[in-house]
Amino acid sequence: SALTGVSVENTTTKKTKSVLIEIPKHVEYHKQGMREALIDTVDIVGRETENLTTKQRKTGRVYLRRGREHQASAAGEPFASETGRLLRSYNGKVASWHTMRVGFSAEYGEFVETGTSRMRARPTLILAINNTVGDTIDLFYQRFKERAKV
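Each value, and the rule that gives it
Residues numbered from 1 in each chain as written. Predicted model: local features only at pLDDT ≥ 70, side-chain atom pairs only at ≥ 80, totals over all residues. Heavy atoms only, no water. Helix = DSSP H or I, 4+ residues; strand = E, 2+ residues; numbered from the N terminus. Buried < 20%, exposed > 50% of the residue type's maximum accessible area, 1.4 Å probe, protein only. Contact = heavy atoms within 4.5 Å. Core = buried A, V, L, I, M, F, W, Y, C linked by side-chain atoms within 4.5 Å. Salt bridge = Lys/Arg side-chain N within 4 Å of Asp/Glu carboxyl O. 1 Å grid on protein atoms, 1.4 Å probe; cavity = no way out; pocket = protein on both sides within 12 Å on 5 of 7 lines; lining within 4 Å. Points joined across faces, edges and corners; volume = space filled by probe spheres on them. Phe/Tyr/Trp six-rings, centres within 6.5 Å; stacked < 30°, edge-to-face > 60°. pLDDT = per-residue confidence, 0-100. Polar contact = N/O pair within 3.5 Å; in protein donor to acceptor, adjacent residues only side chain to side chain.

Break down the overall build of the protein chain for me, citing the residues and quoting the values.
Summing up its helical and strand segments, the protein chain has 4 helices and 6 strands in all. Counting from the amino terminus, the protein chain carries its helices and strands in the arrangement β-β-α-β-β-α-β-β-α-α. The 150 residues of the protein chain split such that 39% are buried. Contacts in the protein chain between residues far apart in sequence, at least 24 positions, make up 52% of those at least 6 positions apart.

Mind laying out the nonpolar core, listing which residues take part and the relevant values?
Within the largest apolar cluster, 21 residues are counted, with the highest numbers of intra-cluster contacts made by Val45, Phe79, Leu86, Tyr90, Phe104 and Phe140. Examining the composition of this core, we find that 7 residues originate from one element, helix α1 (residues 31-54), more than from any other.

Any chance you could break down unusual backbone geometry for me, citing the residues and the numbers?
Here the phi dihedral of arginine 66 falls at roughly 55°; this positive angle occurs in a residue that is not glycine. Summarising the element assignment, arginine 66 is placed in the loop between β3 (62-65) and β4 (68-71). The exposure class of arginine 66 is exposed, given its relative accessible area of 69%.

Before we move on, could you go through the pattern of salt bridges and cite the residues and values that matter?
For the structure shown, the criterion picks out 4 salt bridges. Overlapping salt bridges, with partners in common, bring together Glu36, Asp40 and Arg143 in one network.

Please give an account of the layout of surface pockets that cites residues and values.
Quantified by volume, the second largest pocket comes out at close to 350 Å³. Forming the walls of the second largest pocket are 17 residues, and the residues nearest its centre are Ser73, Phe79, Ala80, Tyr108 and Val112. It is helix α2 (residues 85-88) that contributes the most residues to the lining of the second largest pocket, 3 residues altogether.

Give me the lowdown on the packing of aromatic side chains, citing residues and values where you can.
Under the definition given, this model contains 2 aromatic pairs. Relative to phenylalanine 104, the ring of phenylalanine 79 has its centre 5.8 Å away and its plane inclined at 80°; by these criteria the two rings are edge-to-face. Remark: phenylalanine 104 occurs in strand β6 (residues 99-104) and phenylalanine 79 occurs in the loop between β4 and α2; sequence separation between them is 25 residues. Of the residues examined, phenylalanine 79 reaches a relative accessible area of 6% and is grouped as buried.

Report on the side chain of serine 96, specifying residues and quantitative values.
Here serine 96 lies in strand β5 (residues 90-96). For serine 96, the residues in contact, after removing those within four places along its chain, are Arg35 and Leu38.

Account for the confidence of the model for the protein chain, with residues named and values stated.
Across the protein chain, pLDDT averages 84, with 79% of residues at or above 70. At the level of individual helices and strands, the protein chain shows its lowest average pLDDT in strand β2 (residues 17-22), which scores 59, and its highest in α2, which scores 96.

Run through the side chain of glutamate 77, naming residues and quoting values.
Along the chain, glutamate 77 falls in the loop between β4 and α2. Only 2.4 Å separates the side chain of glutamate 77 from the side chain of threonine 59, close enough to count as a polar contact. The residues contacting glutamate 77, other than those within four sequence positions of it, are Arg57, Lys58, Thr59, Gly60, Arg122 and Pro123.

Structure (C-alpha cells):
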C-alpha cells in the first residue's frame, strides 16, 4: 500500500494547532497530491473562518454603530465582523509541497487573533483549523489513494 509508513500526529498548544504528516521517502512521488491537498485546505479553513465569523451567534455587548445595532464577540469567541475588512483580508499560501500558511493581512489581525494587554483573544483561525482538521486529514488520505492508483 502507498500509505505504508505514513504517520499523522496532531500537536496542540495554547495558541497553535498543527497537524504533522510524516511521509517516508518511498512515497515522495505524492508531492503534487500533497500540494493540491494544501491548496484545498487553504479554502476549507477560509470557508470555516467565514462561517465562524458570520453565522455563529455572538454573546458580547450590543451597541449602536452608524445608526444600527452591532453585537460584539465575547472573549474567546470568533471575532464579530462589523465591516468585513478583517474577514476579507484572510489569505493562505502554499509555500511548498509540505508547507502552507494562513492568516489575515489586515494589520490588526494578529491582535484580534491572539489578544493584547487590553483585549482578550478572539481566536478565529485557531478555531477554524481545529474544526476542519478531520476534513483535512481525510483530504490528504484521499490524495494519497488517488496517487496510488496512478
